[in-house]
Structures are given as C-alpha cells and as structure tokens.
Amino acid sequence: MAGAELIGREELAEIQELFSHDKVNLYRYGGGNYKAREFEERFARYMGVKYAHAVSSGTAAIHCALAGAGIGPGDEVITTAWTFIAPVEAISALGAVPVPVEIDETYHLDPLEVEKAITPSTKAVVAIPMWAPPQMDELAAICERRNIMLIEDAAQALGASYKGRKLGTIGRVGSFSFDAGKTLHTGEGGIIVTNDREVYDRAAEFSDHGHMHREGLPRGKDPRRAKGLNLRLSEVTAAIGLAQLGKIDLILSRTKENKRKIKEAIRHLGNITLRPFSDEEGSQGDTMIFRVRDREAALQFEAHLMERGFGTKILPEALDWHFAGVWNHLLPEFDRYRDADLETLWPRTGAMLRSSICLNIPVLMDDATIGRLIEAIITGSERIG
Ligand SMILES: *Cc1c(COP(=O)(O)O)cnc(C)c1O
C-alpha cells in the first residue's frame, strides 16, 4: 500500500523535531512550529504549483477544492460513475448535484458522455484519475468550449502525469488524499493544489470556518466572507507528511518497476485484457487493472488469487464503494435519481467494473513474491479459460 509500507524512523524523527521545541504546538494556527506550512510549501514545489493547502483528509480536500471553486447549491457537477464515493459526498454536502457519467476503456470519464451530460446548470467537471490519466486534452477542450471548470480529484494519482504534466495540476484545482491506500500516508490527511489565488484563498477559508487569515490580525478579529467548517490539518500529521514526501521518488520508482516486471510476464495471456491508457508513461505503479470475460470469471479469479495469498484492491471486493450504480443511500436525494433504477443508468461502467480485477502493487516486493504473483495470474487465467 505505497507510503503506508514505509512509515518508520523518518516519520518519527519529524515528530521528535516537532517536540524538540521549547513550546510544543500541535495546532496549525498560532504558537509557532508550522510543520503544516512547511509541508504545503514543499508539496507545492514538488507539484510545480503556486499554492498548496493541507487539510484533514482527502474527502475534506475535494470538499474544499469544490467550495473554493465556487460550487454551491443547485450547481451540476459532472463526474465519473467509477470513483471512491468521497467526491460525490462532497458535491452533495455543498448542495450541488452530482452527475456521474460512464467511463471509457481507460476507466476514466468518457469525453463523449461528459459532453452529453452538460446542461445550463453544469458548473464543473471533476476528473478522477485512477492511478493513470484520463483523456485530459479532450476533457479540457470540452470544458474550455462550454465554459465549465475542470477540477481533478487526484487522490489516487499522486505521482501520475499526462503528457509530462502532473495530474492534479491540469484543472483549476486538484486534490489529494493521504489515507492508508494512497501514494503517501499520514494517518489521515489531504491537500489541494492550484495556481489560482482566489480558489486557494477560498478553499483555505472554507477549511477554517471562513477565517480569512489576515496578516497581523489576531485570529479572533479575522474577517469572513463565506461560511466554512473545521477541516484543518494538525501539526503532527504535517510532520509525518514531510517525511513521507521525502520518500515519494522511491515509492513511485519501485512500484513502477515492480509493475513493469509483472506486466511483461502476463502481457501475452489470452484470457485477460490489460487496461489501455491515454498516456501509459504517466501511469502510476502501485495498481494494476485488467479485465476478464465477465463477472463470474472475475469472482473466480479473485478466489484463485486469494487462495494464493493475494487480495484484490477495490475490484471486485470493494466495488460497492466505487460504483455510482449501487449508491441508493445517497443519489436518490436528488430529483433526477429519485425514481431511477441506478444500476441501469451506467450499464457500460457496471459491466466493466464487475469483470475487472484490480491489484495492489507494493513498494516492497521481492522477486520471489513478484514471481508468485505472476504465477497466480497465469494459473488464474488458465482456470477461467
Ligand atoms: C481516497 C479518496 C478520497 C478520500 O480520501 P480520504 O483521505 O480517505 O478522505 C477522495 N477521492 C478519491 C478519488 C479517493 O480515492
């Protein structure tokens, strides 16, 4: 699980550094330390953007990103029917209307479906890169032409890129998560990145009850212009983030190399279809997706892998948290979905996800384990033959 595998001495050293000050301050505003600020500066430099604002989770990050971009009640926000549920929760929390659309063969927003879903109420498209880039040029062109904002929830794609540009930096604002399954892990945490000062300011305000963070003013006298919440990051979390960020090149290069070895060895198999990419160079290493014949074959494949000690990642075992077609607890609050049979709204996405296997590719994976995984995939493909 990427950065979570490498939590250790360096993270502890950063926390000890925090505790080595005369006065320890675990709060990001007031009292000194400011690991959060240092983390934001280093993250912004790594991403090559002007601004980064760290918050308490990846869900908080997309919530702040959307709020910062001015998404509010009644706005329609187009996103993909295949995503972890968080961005759809965030859209809903802002009173906006989530409009999931079908995915293309790269498992990302299908530009044709995006175009079809646009109405006069559409305010933004949230692209959700799943360890690899969507068709970003096409999506950007549609958004530009229709005067809609492009936003990226790149929680799963820190370190991935599209034609040399880092994902998360292509839209007006991008967000990331540092939960246990993501590239970097801080316990809980998230961050937004943008080059747009207005979006940055408004997102930061939203994360802190609307505080406008005016230099020289005591916190109690801070003015406000919009409502917010408390989605702040603690200094302890930021300290861990600093150490994790120092490991990002290692994480990305090791997982990419491990995945390359595995893909080379299974590329020829007839019963599985590796997913195609809009830019394979830019894809991340810590996850691999392939398709098999149908749902039954996928479940059989999953069981086969389990018997050999390898779990799947999201597909198929956590599909319910990643497919709009089963979110009957959330989507029916919106008129357009109230009486709909959700499952029938995104048939292509449902069929693709249910026939897919998604695998975690660890950072720390010795050649013997890589060999056993390859063997498990080869025998699995024979078994479903
Ligand atoms: C993981 C994830 C999130 C939420 O991150 P948390 O830190 O767990 O809140 C948001 N969006 C996407 C696409 C994710 O995969």
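See the structure above.
Keep in mind it's a predicted model, so treat the numbers as computed, not measured. (Residues numbered from 1 in each chain as written. Predicted model: local features only at pLDDT ≥ 70, side-chain atom pairs only at ≥ 80, totals over all residues. Heavy atoms only, no water.)

It is worth spelling out the sheet that holds strand β12 (residues 356–360) at this point. Strand order in the open sheet formed by 3 strands is β10-β11-β12, with antiparallel pairing between adjacent strands. Either end of the sheet is taken by a strand with one partner, and the two such strands are β10 (273–274) and β12. Pairing of β10 with strand β11 (residues 287–291) involves 2 bridges; the strand directions are antiparallel. By the bridge assignment, L274 is partnered in β11 with F290. Sheet strands in contact with helix α9 (residues 248–266) are β10 and β11, and its direction is about 20° off that of β11. (Pairing = 2+ DSSP bridges. Helix = DSSP H or I, 4+ residues; strand = E, 2+ residues; numbered from the N terminus. Contact = heavy atoms within 4.5 Å. Axes fitted to C-alpha atoms, helices over the stretch in contact; angles between N-to-C directions.)

This part is about the sheet that holds strand β1 (residues 51–55). Strand pairing in a sheet relies on backbone hydrogen bonds, with the paired strands running either antiparallel or parallel. If you walk across this open sheet you meet the 7 strands as β1-β9-β8-β5-β4-β2-β3, and the pairing is mixed. The open sheet has two edge strands with one neighbour each: β1 and β3 (97–101). For this sheet the average axis-to-axis angle between neighbouring strands, irrespective of direction, equals 25°. Strand direction decides the pairing type here: strand β2 (residues 76–80) and β3, joined by 5 bridges, are parallel. When the bridges of β3 are listed, I78 appears paired with V99.

This part is about the environment of A124. Topologically, A124 is positioned in strand β4 (residues 122–127). Taking the C-alpha atoms as reference, A124 lies 26 Å from T183; in sequence the two are 59 residues apart. Look past the residues within four positions of A124 in its chain and what remains in contact with it is I71, E76, V77, I78, I148, M149 and I151.

Another point: the site of the ligand. Of all residues adjacent to the ligand, which total 15 residues, the nearest are G58, T59, D153, D179 and K182. Contacts to the ligand include T59, whose side-chain N or O atom sits 2.6 Å from an oxygen atom. Note that an oxygen atom of the ligand is positioned 3.1 Å from one of the side-chain N or O atoms of K182. For the ligand, whose unbound accessible area comes to 380 Å², protein coverage reaches 93%. Going through the elements one at a time, α3 (58–68) and α4 (86–93) are the ones with two or more residues in the shell around the ligand. Here the shell around the ligand is composed, by residue class, of 5 nonpolar, 7 polar and 3 charged. (Near = heavy atom within 4 Å. Polar contact = N/O pair within 3.5 Å; in protein donor to acceptor, adjacent residues only side chain to side chain. Areas by Shrake-Rupley, 256 points an atom, 1.4 Å probe, with all protein chains shown as cover. Nonpolar A, V, L, I, M, F, W, Y, C, P; charged D, E, K, R; others polar.)

Moving on to the packing of α3 against helix α7 (residues 197–206). Between α3 and α7, the least distance of the axes is 8 Å, while the angle of their chain directions is 125°. Taken together, the axes of α3 and α7 are oblique relative to one another. When you trace α3 past α7, the crossing you get is right-handed. Along the contact surface, α3 presents H63, C64, A67 and G68, while α7 presents V199, R202, A203 and F206. A breakdown of the residues in the contact of α3 with α7 according to their chemical character gives 5 nonpolar, 2 polar and 1 charged. (Parallel < 35°, antiparallel > 145°, perpendicular 65-115°, else oblique. Left-handed = near helix turned anticlockwise from the far one by under 90°.)

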